[in-house]
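Residue-level structural notes
In case you want the letters, here they are:
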Amino acid sequence: MFKGSTNVLPDFFVLGDFLRKSLKQRYITSAIILLVATIIVKIISAVYKIPLTNYIGATGRGYFSVAYNFCMPVHALTMGAFPLALTRLVSSYEAKGDRLRIKALRKAAKKLFFIVGIIGLAVILITAKPYANLIASSPKSVYTILALAPSIFFSCLCACHRAFAEGFLDMKATAVSQTIEAFCKMIFGLLLARLSMSWLYGLYVENGLVLGISVMSDEEALSVIYPITSACAMLGVTIGSLAGYIFAAAYTSIKYNILPKDKVNTKSAYSELLTFSAGLVGATVVQSLANFADTSSIQYCLSLCNPDALSAQYVSAGNEIFTYVFGIYAVALDFKNLVPAAVMALGVSAVPAVSAAFENGQERFSPLLTSIFKYTVIMSVGGGIAICLFYNDFLSMFYSGSNDDIVQNAGKILFLFGATSLPCAAASTSVYCAQALGYSKQTILPFAVSAVVRVVLNFILITNDDINILGSAISNFVGFLIILIWNMIIIRKKTNAKFNYIEIFAKPIICASLAYFTTSSIRNSVSISMPDMLVFILSAVICLLSFGVLLVLMNCVSFKEIKSIK
């Protein structure tokens, strides 16, 4: 009997260890799938926006961005809490083996997400015109908003199926549907933009009319055409959201069709979903409203500027000066957002490592946090100096052939975005780390304070005719700096972590500054006697080598640390 007992005990622990490893492997596999899909989607989005801007110009991008900035907070509010609640509940009942409850949650979720999608769509349709007229000071952007509105409904329906699959640690529905959305957005968006532009401009050339409106010049014609072509391009987003929903629904219907046939209590599952979501809504609302307040204040503050003063600063702006300047801002964001997107991947990857290290004690936790933040700062300042050095090259590379005015007008704001990229990129890592440690609620107040500060600075800076849209870079810098510092303080106080601030901030910033001035000096000395493309390639190589060598010489880079973060 004693002998038999000793055989059973080790078998139990071996089985438990096997299950834990299996769960961890499933988690890592799912995370990798989602991370790869996210990178693909970011690349597609970046590639898509460049030819789109060539078709619709900076003014068209202004209409496009007004619609996005208006609809995305509604999108976040309708999808921020409920999908997460469904995923967590499905995961919990799956662990308990309660498939009947999972079936009930699935039926209840379909009803809930349909209702939420309808409400979100209705909010957009009702408020589109007042927002376009009063906040964005861009009445013609209402067409683009209406073209985007149905995507809110389809995205909610899709989120139901994504979240259900994620409850089983199955990220394929999310990853593939996101990729399908991005491809459809790019293909149909560009196709519809090009076809509508060719057709409408052809009407103008033939008879001087655009949709029955008499126009006397190219400028007047484009003023009528751009809102329509922008709306047609936005239809690509709606088509993409529909395609993503169809895939996700088909995937979950086929893969998860083995649930019990018994009748279930859908009403109680519906109540459980609402109750569980209630605790998550607060953080989602604050973050969504913070972003909405920032972007809306930028648009509104622009409308308070003197249009003649703006027209004198931004050549070839046309009649829609406020929309045009906001479009210039959107073009600069395309390049600027590449840095936070790359840094975000590091933050997401660091989450399980931070959580595990905290559970294992301070000996490994503090050095790991220092390493994560240090490499975040290295990536942030590295991307920042690349933008500062090559902002004109990037703009010329993509827009000099079709939209020379963008190259002339977007340079200053893009340079400022590069110079202020550190907190804008690194803030996400601080939030991810705080959430990984279980301090999600504590991250709400930093977002709220940051939003207030950004809005106040927008009113102070952007309304100044000489500063105008350049003030958005400064307000973003200060706002995200607050989030970064505040979350680092939260982590330090809650966990007693010890940050090495010289390693995290001082050394990478010094290396980046030296690399910038070295590359800039060499570039200025050779630019007179060499072709532009050769100067760009040589400067890029010098920047990369100098930054890398300086990081090694100052002991900022350690392969041992990089391995520990994985």
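For the structure itself, look to the data block above.
Structure report, in brief. What you are looking at is a predicted structure, and each value in this text was computed from that prediction instead of being measured. The written sequence of each chain sets the order in which its residues are numbered from 1. Where local features are concerned, this predicted model is filtered to residues with pLDDT of at least 70; where side-chain atom pairs are given and counted, the filter is 80 or more; whole-chain, interface and lining totals use all residues. Side-chain numbers here rest on the full set of heavy atoms in the structure, without hydrogens or water.

Digging into the nonpolar core
Soluble, globular proteins show a tendency: their nonpolar side chains are buried together. Cut-off, in case you're wondering: Among buried residues, those of type Ala, Val, Leu, Ile, Met, Phe, Trp, Tyr and Cys that are joined through side-chain atoms within 4.5 Å constitute a nonpolar core. Think of it in three bands: with a 1.4 Å probe and only protein chains considered, a residue is buried below 20% of the maximum accessible area for its type, exposed above 50%, and partly exposed in between. Put simply, DSSP H or I for four residues or longer makes a helix, DSSP E for two residues or longer makes a strand, and each gets a number counted from the N terminus.
Formed by 122 residues in total, the largest nonpolar core has its most connected members in Ile145, Leu369, Phe373, Leu395 and Phe547. Top contributing element to this core by residue count: helix H11 (residues 362-399), with 16 residues. Membership of the second largest hydrophobic core comes to 27 residues, among which are Leu86, Tyr93, Cys160 and Tyr256.

Considerations on the packing of helix H5 (residues 172-207) against helix H6 (residues 218-255)
Axis angle and axis distance: for two packed helices, these are the angle between their axes and the distance between the axes, and together they describe the pair. Quick reminder of the rule: Axes here mean lines fitted to C-alpha atoms, for a helix over just the part in contact, with angles spanning 0 to 180 degrees between N-to-C directions. Roughly parallel here means an angle under 35 degrees, roughly antiparallel means over 145, roughly perpendicular means 65 to 115, and every remaining angle is called oblique. Crossings are sorted by hand: turned counterclockwise from the far helix by less than a right angle, the near helix makes the crossing left-handed, and turned clockwise it makes it right-handed. Here the nonpolar group is Ala, Val, Leu, Ile, Met, Phe, Trp, Tyr, Cys and Pro; Asp, Glu, Lys and Arg are the charged ones; every other residue, Gly included, is treated as polar.
It is at 6 Å that the axes of H5 and H6 come closest, and there the two elements cross at 155°. Relative to H6, H5 is oriented roughly antiparallel. Crossing hand, H5 versus H6: right-handed. Looking at the contact of H5 with H6 residue by residue, the classes come out as 25 nonpolar, 8 polar and 4 charged.

What to know about a nonpolar patch on the surface
In plain terms, the rule: Any residue with relative accessible area above 30% and no salt bridge may belong to a patch, with like charges joined within 9 Å and the nonpolar Val, Leu, Ile, Met, Phe, Trp and Tyr side chains within 5 Å. To measure how exposed things are, a 1.4 Å probe is used in the Shrake-Rupley method; for residues, cover is taken only from the protein chains shown. Just to be clear on terms, a salt bridge is a Lys or Arg side-chain nitrogen sitting within 4 Å of an Asp or Glu carboxyl oxygen.
On the surface, Val36, Ile40, Phe183, Ile187, Phe188, Leu191, Leu195, Leu235 and Ile239 cluster together into a nonpolar patch covering about 730 Å² of accessible area. By residue number, the principal contributor to the nonpolar patch is H5, which donates 5 residues. Positionally, isoleucine 187 belongs in helix H5. Residue isoleucine 187 is classed as partly exposed on the basis of its relative accessible area of 47%.

So, unusual backbone geometry
Even without a glycine there, the phi angle at leucine 211 is positive, about 55°. One can find leucine 211 in the loop between strand S1 (209-210) and strand S2 (213-214). Even without a glycine there, the phi angle at asparagine 496 is positive, about 60°. Structurally, the position occupied by asparagine 496 is in the loop between helix H15 (471-495) and helix H16 (501-526). A relative accessible area of 57% means that asparagine 496 is categorised as exposed.

A word on the packing of H16 against helix H17 (residues 532-553)
Which entries qualify depends on this criterion: Working rule for contacts: check all heavy atoms of both residues, and any pair within 4.5 Å makes them a contact.
Packing of H16 against H17 brings their axes to within 9 Å, and their N-to-C directions diverge by 150°. By the angle between their axes, H16 is roughly antiparallel relative to H17. Regarding H16 and H17, the two cross each other, and that crossing is right-handed. Here Pro508, Cys511, Ala512, Leu514, Ala515, Thr519, Ile522, Arg523 and Val526 of H16 come into contact with H17, specifically with Val535, Leu538, Ser539, Ile542, Cys543, Ser546, Phe547, Leu550 and Leu551. For the contact of H16 with H17, the class distribution of residues is 14 nonpolar, 3 polar and 1 charged.

Regarding the packing of aromatic side chains
What counts, and what does not: Think of it this way: a Phe, Tyr or Trp ring, Trp meaning its six-membered ring, pairs with another when their centres are within 6.5 Å, and the plane angle makes it stacked under 30 degrees, edge-to-face over 60, tilted otherwise. Placement of a positive charge over a ring is assigned whenever Lys NZ or Arg CZ falls within 6 Å of the ring centre and within 35 degrees of the normal to the ring plane.
By the definition in use, this model includes 23 aromatic pairs. An angle of 40° between the planes, with centres 6.0 Å apart, marks the rings of phenylalanine 335 and phenylalanine 398 as tilted. Highlighted residues: phenylalanine 335 in helix H9 (residues 321-336) and phenylalanine 398 in helix H11, separated in sequence by 63 residues. Linked through ring pairs, Phe335, Phe390, Phe394, Phe398 and Phe536 together constitute an aromatic cluster. For the cation-ring pair, lysine 111 lies above tyrosine 270, with the distance from its terminal atom to the ring centre recorded as 5.2 Å. The ring of phenylalanine 417 carries the charged tip of lysine 336 above its face, separated from the ring centre by 5.6 Å.

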